[in-house]
Every structure is written in structure tokens, then in C-alpha cells.
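Observations on the three-dimensional arrangement
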Amino acid sequence: MAERKAADRRTTGRVTPKKTAAAPPPKVDAGIASGRYTPPIPKEQKVSPRWVPILMFTLLGLGVLVIVLNYLNLLPGETSNTYLLVGLGLITGGFITATNYH
């Protein structure tokens, strides 16, 4: 019975058809825009303002500082998850700012 099931599963020959020769792609005139090409952005537009890296490092530094001061119990009140969330929020803001830096 096992031999019969194995024999039923066997196929002979190719399952998918052979690849046929495709027509050559149409030639595009160099003067005509195809709609696929996006020209590179000029360097003048890629420069971020000076405040972007300053804000990025400030947010990252303040976030780390808040978390460290929370664990050293140097912030008002006791150690709190609120301070931890504020610090993580500041660090997240620093990472978001870093993704916009050119």
C-alpha cells in the first residue's frame, strides 16, 4: 500500500512549462523620460540645519541623565516609573531626530 501511494505521487517530466524566449525590451530614446528614473537630490537640499544635531544630542543626553538620576534616587520623590518613561521618551525623541539628520 505504501508503494502504491509513493507511485501515485511520482510525476514524470516537467511540471511547469519551459521558459520561452522573451521579446527584447523596447529601446528607450535617451531624450525621453521613462518615468522610472528619479534624479538624485542636490546636496544643497540634503543639509540639515545646525539645530538638528544639537537637539538630537540634547534629547539623548537628557534621557540618559533622567534615567541615571532616577536610579540614584536624586530626583524629587522616590524612584518612579514615570521618570523612567520620561527618560525613555527623551531618548526616543533623540532617535527620531537622528533619523532626520542629513
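It should be emphasised that the depicted structure is a prediction, and the values quoted were computed from it without experimental measurement.

**Describing the confidence of the model for the chain**
- Averaged over the chain, the pLDDT score is 81; the fraction of residues at 70 or greater is 73%.
- The secondary structure element of the chain with the lowest average pLDDT is helix H1 (residues 2–9), at 59, and the one with the highest is helix H4 (residues 81–99), at 96.

**A word on H4**
- Relative to the 27 Å expected for 19 residues at 1.5 Å per residue, H4 spans 27 Å between its end C-alpha atoms, a close match to the ideal helical length.
- Those residues of H4 not exposed but buried are Gly87, Ile91, Gly94 and Thr97. All buried residues of H4 fall inside an arc of 120 degrees around its axis, so they share one side. Those residues of H4 that are exposed and angled more than 90 degrees off the buried face are Asn81, Thr82, Leu85, Phe95, Ile96 and Thr99.
- Check the buried side of H4 and you find it contacts helix H3 (51–71).

**A few points about the packing of H3 against H4**
- One way to put it is that H3 packs onto H4 with a least axis distance of 8 Å and a crossing angle of 160 degrees. With respect to each other, H3 and H4 are oriented roughly antiparallel. You can see that H3 and H4 cross each other, and the crossing is left-handed. Only Tyr83, Leu84, Gly87, Leu88, Leu90, Ile91, Gly93, Gly94, Phe95, Thr97 and Ala98 of H4 make contact with H3, whose side of the interface consists of Val52, Leu55, Met56, Leu59, Leu60, Leu62, Gly63, Val64, Val66, Ile67, Asn70 and Tyr71.
- Residues that form the contact of H3 with H4 fall into these classes: 17 nonpolar, six polar and no charged.

Calculation notes
Residues numbered from 1 in each chain as written. Predicted model: local features only at pLDDT ≥ 70, side-chain atom pairs only at ≥ 80, totals over all residues. Heavy atoms only, no water. pLDDT = per-residue confidence, 0-100. Helix = DSSP H or I, 4+ residues; strand = E, 2+ residues; numbered from the N terminus. Expected span 1.5 Å × (residues − 1). Buried < 20%, exposed > 50% of the residue type's maximum accessible area, 1.4 Å probe, protein only. Arc of directions from axis to C-beta. Contact = heavy atoms within 4.5 Å. Axes fitted to C-alpha atoms, helices over the stretch in contact; angles between N-to-C directions. Parallel < 35°, antiparallel > 145°, perpendicular 65-115°, else oblique. Left-handed = near helix turned anticlockwise from the far one by under 90°. Nonpolar A, V, L, I, M, F, W, Y, C, P; charged D, E, K, R; others polar.

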